[in-house]
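# A structural walkthrough
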Amino acid sequence: MIIWKNLRLIIPTVYLLIIPPFLVVEKKVHINSQALAQLTKNESYSISQNNLKTEAQQLEQQATAEFNNGKFEVALEKFKQVLEIYTQQSDRSGVIRTLNKIAAVYDTQSKYLKALEFYQEALKNAQQEKDNENISAILSNIGLVYSQLGQYEQAINFYQQALNKNHPEKAKILNNIGAIYYHLKEFPKALEYYQQALEVNRKNQDKIGIAKTLDNIGVIYREQEKYSQALKYHQEALAIQEEIGDDYNNSDTLHHIGRVHRESNQHSESRIFFTNTLIIAQQLGNQDRERIILADIGKVLERKNQDELAIIFYKQSINITENIRKDLKKLPVGQQNLYIENNAEIYRTLADLLLQKKRAIEAHQILDLLHIQETFEYIGSLQTDDYEYSEIPLLEPEQAFWEKYTQLIDEAAKNHSKNPNNLQEKLVKIEQFFDSEEVKSIVSELEKNSRSQKLTSDIAVWLQSELKENNLQNTVVLYPLLLEDRLELILITANSPPFHRTVSVSQKEFNKTILRLRAQLTNRNQSNQRVIQAGLKLYNWLIKPIESHLKLSQAKTIIYAPDSQLRYIPLAGLHDGKKWLAERFLINNITAASLMELEPRGKFEPIILAGGLTKGSYNFQVGKRQFEFESLPFAGVEVEEIDKIFPETNKLLGNAFTKKAVESKIDSYNIIHFATHSAFVSGHPEESFILFGDGNRATLRDVEDWNLKNVELIVFSACQTALGKELGNGEEILGFGYKIQEAGATASIATLWRVDDQGTQEFMNDFYAALKNGASKAAAIQKAQISMMNSEYSHPYYWAPFLLIGNGL
């Protein structure tokens, strides 16, 4: 019996081995006939009735090859056809094997709920046959899916069940459980499971497993700041790896030893180990390892107050990351996610350092890349056609340093290949280079010249040219960056260099103010004056420092790229002491400038598909959150009023408002209006949803398959951000906006909190009336907001949460 199992180890390193979890069980199986009918709609494949088993085997091989080549949809269709054949032939082992292959494809695409559905079906059948070996393998795979979903309690539960069935890969499961506790920072528990895994590996005389587990234990001791114990375990792992010639894991352990030295402030020793790891990574062609090591060297340099040199290494780390991103679409989504783990930290650190050095133009490009990175991290993939890679250039002195440094690295690598014993001498020579007179001269030149900002950021230049060419002289682009001890602001205008201001405020105080303002904005019983005072405080940090430049550029529109927790507060809801910002500016939110066309869209004739949740009550759980929704009494009125303004509106109300009905009509309209509940949920796109009139939901993953290429605007008039007790980083809002754009829509409107039903209906009346009169999307929102300010709905609770994302110009 062949068992193709998922051998991924979630270990403290970010390097995971991914093998699809395909299983074989050669006994009786029960298949749900309705589910099978749903799977096998595609009748295009002609099946030979004379030799079905051979046909199935050949098709299965083809599907597996397509899977291995990254053609997941093609593989999925073929596996479904294979499933049909095996079902017709009553080939029980083939059926279960294929069910698991289908599950593996969904898992690889990060469609975790679908993967779980098929794993559960396989588990049910294996349990009927009391086949403990395959039951344990399936339980382990289900545990892995839950761990990818961040549902660690469920993951551990399934892993433990697998262990109880005597899983043949017991050590790997123990390592996986240990890794979960590592990520939860429950280090004693992680250590306990790693020690158990070590015992099993030693019993099995698995030297590779022993070394990996020793290395994992070393990482736990490092996290506990027990550096001597960490070194002991890493060095023991290293000795085994050198004995068996395990270069890949040898490099990993050297890297961990470098981190132990760094954390214990032994900077020179740390750099020597990192440099050794860098050489091995380059020889292995492992770009992902290379970018992480470069960032680690940058961190050591930063700790030694060699910021100019740290900037060079951070830049080159990010350049490799961006280069990798170009090819990510070819890889399984699970592998894509590996590349983005911890990346945002490097982007943010580099932007921080550049702004400290008053290098605003370079920092601007990093901020834009950071926003793309965070969007990518949330949604799990990025259409490379929509993202143009732009290398972060080096200043001339930086380039001089880098050429000399890479020359030394190349010499050491060549010498290592010919005579490994002399490598240490070369590593010491490289370390001495950092403190040489030549490098001191380069650093001095950087300190003198970098502030002149002769270097131009591609994105900054592009933004300015776009603002000029599209006659957007009164439009500015605002990038805030929220750091631990301060707020950094960068303003891009059409006719002057980027303007940079630093505001001294701690992230803790800033977040406290955001939470207070959001609480007051969302409480309609709070007096306007209390909201104004809270909004004024944020205004003084975010807008007042750039006020003079806003006046100088005669700004009327702000294209806003909010950072982190700022995404939970609408810019429109800030107050300058005299007016709301919504009264002064048109506000257009973006995910990142390089993902948006700035050309004004011009007037268009709205052709509207409008659906409303007018019946029913709904109670369901998504992830760890419980949602309770009632129908929206004014949703029907909202849709009917839109129809009065635009009589050709196609209305879907009550039971007619279904996911299927919307998807079948969506490409025939240029405005799609959802008067229904929807939610941004941080964590996974599968958990953000739109609720339909029959109780079904569409997630952001479903939106991927929508054709919105003819859509100018998609409106969600009753959505919310599902916040817990603490603020996230707003990635769910960025991810929502980007997914809508990626599906083809020019812009979207959503709300940041659950808004009063009748108030929303009034807002939408004013919004669509303004569109009817030729206003742009951004101008129509402003007109509706100002109209609400002068009505019984004057509290910002009613008008502030409407967020325009994309091109509303």
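Scanning the protein chain for helices and strands turns up 33 helices and 15 strands. For the protein chain, with 809 residues in total, the buried portion stands at 61%. A separation of at least 24 residues holds for 71% of the contacts in the protein chain among residues at least 6 apart in sequence. Surface exposure of the protein chain reaches about 32400 Å², of which carbon and sulfur atoms provide 43%.

Turning to helix 10 (residues 207–223), a few remarks are in order. In this model helix 10 runs 25 Å from its N-terminal to its C-terminal C-alpha over 17 residues, within 8% of the 24 Å that 1.5 Å per residue would give. The element helix 10 is extensively covered by neighbouring structure, given that 13 of its 17 residues are classed as buried. Where helix 10 begins, the capping side chain belongs to aspartate 206, and its oxygen is found 3.3 Å from the backbone nitrogen of isoleucine 208. Just beyond helix 10, the residue with positive phi is glutamate 225, at close to 65 degrees.

Mapping alanine 126 onto the fold places it in helix 5 (residues 112–128). The spatial distance from the C-alpha of alanine 126 to the C-alpha of serine 136 is 9.6 Å, given a sequence separation of 10 residues. Those residues in contact with alanine 126 that sit more than four places away from it in its chain are Ile96, Asp131, Ile135 and Ile138.

Among the nonpolar cores identified, the biggest contains 106 residues, and Leu574, Phe674, Trp706, Phe767 and Tyr768 are the most heavily contacted of them. Residues contacting tryptophan 706, with those up to four places away along its chain left out, are Glu663, Ile666, Phe674, Ile690, Phe692, Ala698, Ile714 and Ala743. By size, the runner-up hydrophobic cluster in this structure holds 75 residues, among which are Ile85, Tyr86, Tyr112 and Leu174.

Attention now goes to unusual backbone geometry. Although it is not a glycine, lysine 185 adopts a positive phi angle of roughly 60 degrees. Following the sequence through the fold, lysine 185 ends up in the loop between helix 8 (170–183) and helix 9 (187–203). Backbone geometry places glutamine 205, a non-glycine residue, at a positive phi of 55 degrees. By the element assignment, glutamine 205 lies in the loop between helix 9 and helix 10.

What follows deals with the pattern of salt bridges. This structure, assessed with the given rule, holds 38 salt bridges. Notably, a salt bridge pairs glutamate 60 with lysine 101, separated by 2.6 Å at the nearest N-O pair. Residue glutamate 60 is located in helix 2 (residues 52–68), and its partner lysine 101 is located in helix 4 (residues 92–108); the two are separated by 41 residues in the primary sequence. Residue arginine 486 pairs with glutamate 488 through a salt bridge whose shortest N-O separation is 2.5 Å. A relative accessible area of 9% means that arginine 486 is categorised as buried.

Our next topic: the pairing of strand 2 (residues 487–492). For strand 2, a buried count of 6 out of 6 residues is recorded, marking the element as mostly surrounded by other parts of the structure. Burial along strand 2 is two-sided: the residues Leu487, Leu489 and Leu491 and Glu488, Ile490 and Ile492 are all buried. Here 6 bridges tie strand 1 (residues 475–482) to strand 2, and the two strands are oriented antiparallel to one another. Looking across to strand 2, one finds that leucine 481 is bridged to glutamate 488. What sits between the antiparallel neighbours strand 1 and strand 2 is a turn of 4 residues. As judged from the 5 bridges shared by strand 2 and strand 3 (residues 499–503), these two strands associate in the antiparallel manner.

For strand 1, the buried fraction is high: 8 of the 8 residues fall into the buried class. The alternating pattern of strand 1 places Thr475, Val477, Tyr479 and Leu481 on one face and Val476, Leu478, Pro480 and Leu482 on the opposite face, and all of these are buried. Note that strand 1 and strand 4 (residues 557–560) share 4 bridges and pair parallel. Directly across from threonine 475, in strand 4, lies its bridge partner threonine 557.

Averaged over every residue, the pLDDT of the protein chain is 82; residues scoring 70 or more account for 85%. The secondary-structure element of the protein chain with the lowest mean pLDDT is helix 1 (residues 33–39), recorded at 47, while helix 26 (residues 581–584) shows the highest, at 96. In this model residues 1–50 is a low-confidence stretch, pLDDT under 50, and it forms 143 contacts with partners more than four residues away in sequence or in other chains.

Tracing the backbone through its elements, the reader meets isoleucine 320 in helix 15 (residues 307–325). Remark: the alpha-carbon pair of isoleucine 320 and glutamate 290, spanning 30 residues in sequence, is separated by 8.0 Å. Among residues more than four places away in sequence, those in contact with isoleucine 320 are Gln287, Glu290, Arg291 and Leu294.

Moving on: the packing of aromatic side chains. Scanning all chains against the criterion turns up 34 aromatic pairs. Ring centres of phenylalanine 657 and phenylalanine 692 lie 5.2 Å apart, and the angle between their planes is 55 degrees; this geometry places the pair in the tilted category. Of this pair, phenylalanine 657 sits in the loop between strand 9 (650–653) and helix 28 (659–665) while phenylalanine 692 is found in the loop between strand 11 (689–691) and strand 12 (697–699), placing the two residues 35 residues apart along the sequence. A relative accessible area of 0% places phenylalanine 692 in the buried class. Grouping aromatic residues by their ring pairs yields a cluster made of Phe313, Phe401, Trp402, Tyr405, Phe433 and Phe434. One residue, arginine 697, lies across the ring of phenylalanine 620, its end atom 4.2 Å from the ring centre.

Interaxial distance between helix 11 (residues 227–244) and helix 12 (residues 247–263) falls to 9 Å at its minimum, and their mutual angle equals 160 degrees. Regarding the angle of helix 11 to helix 12, the classification is roughly antiparallel. Between helix 11 and helix 12 lies a crossing of left-handed hand. Contacts between helix 11 and helix 12 pair Tyr227, Ala230, Leu231, His234, Gln235, Ala237, Leu238, Gln241 and Glu242 from the former with Asn249, Asn250, Thr253, Leu254, His256, Ile257, Val260, His261 and Glu263 from the latter. Tallied by class, residues from the contact of helix 11 with helix 12 come to 8 nonpolar, 8 polar and 2 charged.

Cut-offs and rules
Residues numbered from 1 in each chain as written. Predicted model: local features only at pLDDT ≥ 70, side-chain atom pairs only at ≥ 80, totals over all residues. Heavy atoms only, no water. Helix = DSSP H or I, 4+ residues; strand = E, 2+ residues; numbered from the N terminus. Buried < 20%, exposed > 50% of the residue type's maximum accessible area, 1.4 Å probe, protein only. Contact = heavy atoms within 4.5 Å. Areas by Shrake-Rupley, 256 points an atom, 1.4 Å probe, with all protein chains shown as cover. Expected span 1.5 Å × (residues − 1). Polar contact = N/O pair within 3.5 Å; in protein donor to acceptor, adjacent residues only side chain to side chain. Core = buried A, V, L, I, M, F, W, Y, C linked by side-chain atoms within 4.5 Å. Salt bridge = Lys/Arg side-chain N within 4 Å of Asp/Glu carboxyl O. Pairing = 2+ DSSP bridges. pLDDT = per-residue confidence, 0-100. Phe/Tyr/Trp six-rings, centres within 6.5 Å; stacked < 30°, edge-to-face > 60°. Lys NZ or Arg CZ within 6 Å of the ring centre and 35° of its normal. Axes fitted to C-alpha atoms, helices over the stretch in contact; angles between N-to-C directions. Parallel < 35°, antiparallel > 145°, perpendicular 65-115°, else oblique. Left-handed = near helix turned anticlockwise from the far one by under 90°. Nonpolar A, V, L, I, M, F, W, Y, C, P; charged D, E, K, R; others polar.

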